[in-house]
Amino acid sequence: MLFMVIERFKDQNPIPVYRRVRDPGIKFPEGLNYVGSWIEPNFDRCFQLMECDDLRLLQEWILLNNRDMGMSFEIVPVVPSKETREVVAPFLDPK
């Protein structure tokens, strides 16, 4: 399953997070895969696309690796638009 993890940087300050990425690196539990990320220009939020089959892996990653950073997290299950088009396609034309 895919999840959009929305991280809110404390005080719009990404420096502590980027230090962690650079120095010891961010560690993900086995089975949690990082797909990609995007940062707002004002450094307010980071949008990370993650993939896993067990939500507990996301909980573990957030709790164990980020609790000291003062960040807040929102986890949103997402479906690729291509797959959504396949679901919607039969309903596009009236019968």
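Keep in mind that this is a model prediction, so the values were computed, not measured.

1. Things to note about the layout of surface pockets
Okay, so step 1: In this structure, the largest pocket spans a volume of roughly 180 Å³.
Okay, so step 2: Together, Glu-7, Phe-9, Val-17, Tyr-18, Val-21, Ile-26, Phe-28, Tyr-34, Ser-37, Ile-39, Cys-46 and Gln-48 line the largest pocket.
Okay, so step 3: Counting residues per element, the ones that place at least two in the lining of the largest pocket are α1 (15-22), β2 (33-39) and β3 (45-51).
Okay, so step 4: Of the residues assigned to the lining of the largest pocket, the class counts are nine nonpolar, two polar and one charged.

2. So, the nonpolar core
Okay, so step 1: One finds Phe-3, Val-5, Leu-32, Met-50, Cys-52, Leu-57, Leu-58, Trp-61 and Ile-62 forming the largest nonpolar core, which totals nine residues.
Okay, so step 2: Of all elements in the fold, only β1 (2-8) and α2 (55-66) reach the threshold of two or more residues within this core.
Okay, so step 3: For this core, the leading source of residues is α2, giving four residues.
Okay, so step 4: For Trp-61, the contacting residues outside a window of four places in its chain are Val-5, Glu-7, Ile-26, Lys-27, Phe-28, Pro-29, Leu-32, Gln-48, Asn-66 and Phe-73.
Okay, so step 5: Core analysis: the second largest hydrophobic core is formed by five residues, Val-17, Cys-46, Met-69 and Met-71 among them.

What counts and how
- Residues numbered from 1 in each chain as written.
- Predicted model: local features only at pLDDT ≥ 70, side-chain atom pairs only at ≥ 80, totals over all residues.
- Heavy atoms only, no water.
- 1 Å grid on protein atoms, 1.4 Å probe; cavity = no way out; pocket = protein on both sides within 12 Å on 5 of 7 lines; lining within 4 Å.
- Points joined across faces, edges and corners; volume = space filled by probe spheres on them.
- Helix = DSSP H or I, 4+ residues; strand = E, 2+ residues; numbered from the N terminus.
- Nonpolar A, V, L, I, M, F, W, Y, C, P; charged D, E, K, R; others polar.
- Core = buried A, V, L, I, M, F, W, Y, C linked by side-chain atoms within 4.5 Å.
- Buried < 20%, exposed > 50% of the residue type's maximum accessible area, 1.4 Å probe, protein only.
- Contact = heavy atoms within 4.5 Å.

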